[in-house]
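A closer look at the structure
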Amino acid sequence: MAMLMTTWNNRRLLVTVTTIGVLWFTSIAAPRKTIAANSPSAFVQNAIYSNKIIIFSKSYCPYSLRAKHIFSELHEQPFVVELDLRDDGYQIQNVLLDLVGRRTVPQIFVNGKHVGGCDDLQAAVRDGQLHSLLGNG
């Protein structure tokens, strides 16, 4: 009987220690995951792959304004990230530099594919590539 009681107590102790270990591990690991999910890199990736059209822009940039106007003429509604109006705009531009080799604005993505800047967008409209990327052709 004493042996059975000791075995049961050891199992209970093991379950308690395991539970505490899991709780401890969760409390240590959880903040790291939260930080990664809120990083500029995660934001950029999520924005690119969650939106049909995304423009990384600056509100005062004439090339960004032109790109937005082009999509307006095509009756398309892009998701626009105004980098100059965000606290992490500079970091987002650094992520874009790593991703596409440019920090300049606008940087335009359609259905997850990098189109480029305003001149690239205008060329894609002229040669029909944008129409294909939008799934209209």
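Now for a description of the structure that goes with this document. (Residues numbered from 1 in each chain as written. Predicted model: local features only at pLDDT ≥ 70, side-chain atom pairs only at ≥ 80, totals over all residues. Heavy atoms only, no water.)

A word on the packing of aromatic side chains. With the rule as written, the count across this model stands at 1 aromatic pair. For the pair Phe-56 and Phe-109, a centre-to-centre distance of 6.0 Å together with 85° between the ring planes defines the contact as edge-to-face. Of this pair, Phe-56 sits in strand S1 (residues 53–57) while Phe-109 is found in strand S3 (residues 107–110), placing the two residues 53 residues apart along the sequence. Of the residues examined, Phe-56 reaches a relative accessible area of 0% and is grouped as buried. With a relative accessible area of 3%, Phe-109 lands in the buried category. (Phe/Tyr/Trp six-rings, centres within 6.5 Å; stacked < 30°, edge-to-face > 60°. Helix = DSSP H or I, 4+ residues; strand = E, 2+ residues; numbered from the N terminus. Buried < 20%, exposed > 50% of the residue type's maximum accessible area, 1.4 Å probe, protein only.)

Moving on, we get to the sheet that holds strand S4 (residues 113–116). Read across the open sheet, the 4 strands follow the order S2-S1-S3-S4; overall the sheet is mixed. Each having just a single partner strand, strand S2 (79–82) and S4 make up the two edges of the open sheet. Each adjacent strand pair in this sheet contributes to an overall mean axis angle of 20°, direction not counted. One ladder, built from 4 bridges, connects S1 with S2; its direction is parallel. In the sheet register, Ile-54 faces S2, and the bridge partner there is Phe-79. Across the face of the sheet, helix H4 (residues 89–100) comes into contact with S1, S3 and S4 while running at roughly 65° to S3. Across the sheet, helix H5 (residues 118–126) touches S3 and S4, and the angle it forms with S4 is around 105°. (Pairing = 2+ DSSP bridges. Axes fitted to C-alpha atoms, helices over the stretch in contact; angles between N-to-C directions. Contact = heavy atoms within 4.5 Å.)

Secondary-structure assignment places Arg-66 in helix H3 (residues 62–73). Along the backbone, Arg-66 and Cys-118 are 52 residues apart, and their C-alpha atoms lie at a distance of 7.0 Å. Once residues within four sequence positions are removed from consideration, Arg-66 is found in contact with Glu-73, Cys-118 and Gln-122.

In this section: the state of the cysteines. Working definition of a disulfide: a covalent bond connecting the sulfur atoms of two cysteines. On inspection of all chains with the given rule, the structure shows 0 disulfides. With no disulfide of its own, Cys-61 lies 8.1 Å from the sulfur of Cys-118, the closest cysteine sulfur. Classification of Cys-118 as buried rests on a relative accessible area of 5%. (Disulfide = S-S within 2.5 Å.)

What follows is about the side chain of Gln-107. Following the sequence through the fold, Gln-107 ends up in strand S3. A polar atom in the side chain of Gln-107 sits 2.6 Å from the side chain of His-114. (Polar contact = N/O pair within 3.5 Å; in protein donor to acceptor, adjacent residues only side chain to side chain.)

This part takes up H5. Of all the residues in H5, the buried ones are Cys-118, Leu-121 and Ala-124. Looking straight down H5, one finds its buried side chains confined to an arc of 120°; they lie on one side. Of the residues in H5, the exposed ones pointing more than 90 degrees away from the buried face are Asp-119 and Arg-126. Along its buried surface, H5 packs onto H3, S3, S4 and helix H6 (129–133). Two residues or fewer after H5 comes Gly-128, characterised by a positive phi angle close to 85°. (Arc of directions from axis to C-beta.)

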